[in-house]
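This is what each chain is made of:
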Amino acid sequence: MTKEGFKSGFVAIIGRPNVGKSTLLNRIVGEKIAIMSNKAQTTRNKIQGIYTTDDAQVVFIDTPGVHKPQNSLGDYMVKSAFSALHEADAIWFVVDASKKRGAGDNFIINRLKEVKNTPIFLLVNKVDLLKKEDLFSVIQTYQEDAPEWTEIFPISATEGDNVPELLDTVIKDLDEGPQYFDADQLTDHPERFVISELIREKVLQLTQQEVPHSVAVVIDKIETGEDDIVHIQASIIVERPTQKNIVIGKQGKMIKQIGTRARKDIERLLGSRVFLETWVKVEERWRDRPQALQSLGYRKDDF
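Residues numbered from 1 in each chain as written. Predicted model: local features only at pLDDT ≥ 70, side-chain atom pairs only at ≥ 80, totals over all residues. Heavy atoms only, no water.

Per an unreviewed UniProt entry, the protein goes by GTPase Era and derives from Fructobacillus papyrifericola. In its Function (unreviewed entry) section, the UniProt entry covering the protein states "An essential GTPase that binds both GDP and GTP, with rapid nucleotide exchange. Plays a role in 16S rRNA processing and 30S ribosomal subunit biogenesis and possibly also in cell cycle regulation and energy metabolism." Within the UniProt record for the protein, the comment given under Sequence similarities (unreviewed entry) is "Belongs to the TRAFAC class TrmE-Era-EngA-EngB-Septin-like GTPase superfamily. Era GTPase family." (UniProt positions renumbered as here; feature names shortened; annotations may be inferred.)

Take the overall build of the protein next. Scanning the protein for helices and strands turns up nine helices and nine strands. Sorting the 303 residues of the protein into buried and exposed places 50% on the buried side. Excluding contacts between residues fewer than 6 apart, the proportion of contacts in the protein whose partners are at least 24 apart in sequence is 71%. (Helix = DSSP H or I, 4+ residues; strand = E, 2+ residues; numbered from the N terminus. Buried < 20%, exposed > 50% of the residue type's maximum accessible area, 1.4 Å probe, protein only. Contact = heavy atoms within 4.5 Å.)

With that settled, consider the pairing of strand β8 (residues 230–238). Counting buried residues along β8, seven of its nine residues qualify, which places the element largely inside the surrounding structure. Alignment of strand β7 (residues 216–224) against β8, held across eight bridges, turns out to be antiparallel. Within the sheet, the bridge partner assigned to T224 lies in β8 and is V230. Alignment of β8 against strand β9 (residues 274–282), held across nine bridges, turns out to be parallel. Bridge pairing in β9 links S235 to W279. (Pairing = 2+ DSSP bridges.)

Our next topic: the environment of W279. Structurally, W279 is set in strand β9. Taking relative accessible area as the criterion, W279 reaches 41% and is therefore assigned partly exposed. Taking the C-alpha atoms as reference points, W279 and I237, separated by 42 residues in sequence, lie 8.6 Å from one another. Beyond its immediate stretch of four places on either side in the chain, W279 contacts Q233, A234, S235 and I236.

For the rest of this paragraph, the subject is the packing of aromatic side chains. Across all of its chains, the model carries three aromatic pairs by this definition. Ring geometry for F10 versus Y180: centroids 5.1 Å apart, planes at 55°, classification tilted. Here the residue F10 occupies a position in strand β1 (residues 7–15), and Y180 occupies one in the loop between α5 (163–173) and α6 (191–206), the gap between them amounting to 170 residues. Arranged with centres 5.8 Å apart and planes meeting at 25°, the rings of F93 and W149 form a pair that is stacked. In this pair, F93 is assigned in strand β4 (residues 90–96) and W149 in the loop between α4 (135–141) and β6 (151–154), connecting sequence segments 56 residues apart. (Phe/Tyr/Trp six-rings, centres within 6.5 Å; stacked < 30°, edge-to-face > 60°.)

Dropping the structure here:
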């Protein structure tokens, strides 16, 4: 039973690639459930993070960064991002304070103008990279030819500046509602998904520019042995043999480094010792083939 006066709702987080949406979500829930990288278009699926207190539950939908699609996967990501706007009780539009307003921001703003009867917050992120005297002019640029923002919050997702105040404001305006998830649940995604994302994050962080957007990770097997060690087998999917060589690295050094870093995060996630085995496989042009996208976990209806 949900107690009387309990509030709940859904908040969509939208913005250009690499503005800090996943960093913000991870800070709010207190765990890494969305992967982070300095490379754009890191998030591919809508990832729901769950924040629960004694009096409220907020389900955050972290969307893929909106960009100009170059293939079927890109189309999926953009459709996924905008579909979240229709599921939300509030919308957080995140922008990068350290960069000028660009065509990508304007594209999202024009879509936000079409949203009716939903509070839209402008979050000016990365203010820790900005001189205080420059903040006003940055905010001003996002008030021109834009929706009437419900509120504007300068924040730093990395440092946590103004994030508690942002949460308090959103919760205050939510309606009474049920507790959708258990209090200790941080995401609606199964462990397999989060594990695959943690491995993909390490590939993004460690490989060269030609590899990241061509990478997917499939968890082939998870089982706990008699020694209580979780045994995981995972396939890293790339599009070309040259990319496979990069991911494996000279004498297998790169794939070993990827596995070592991923294993540490997975052990923190599961609270158990982990034995991780990874293989690299070539699936040519998988991002352009709906059947391949579907086999890798992307919903057919979104192509």
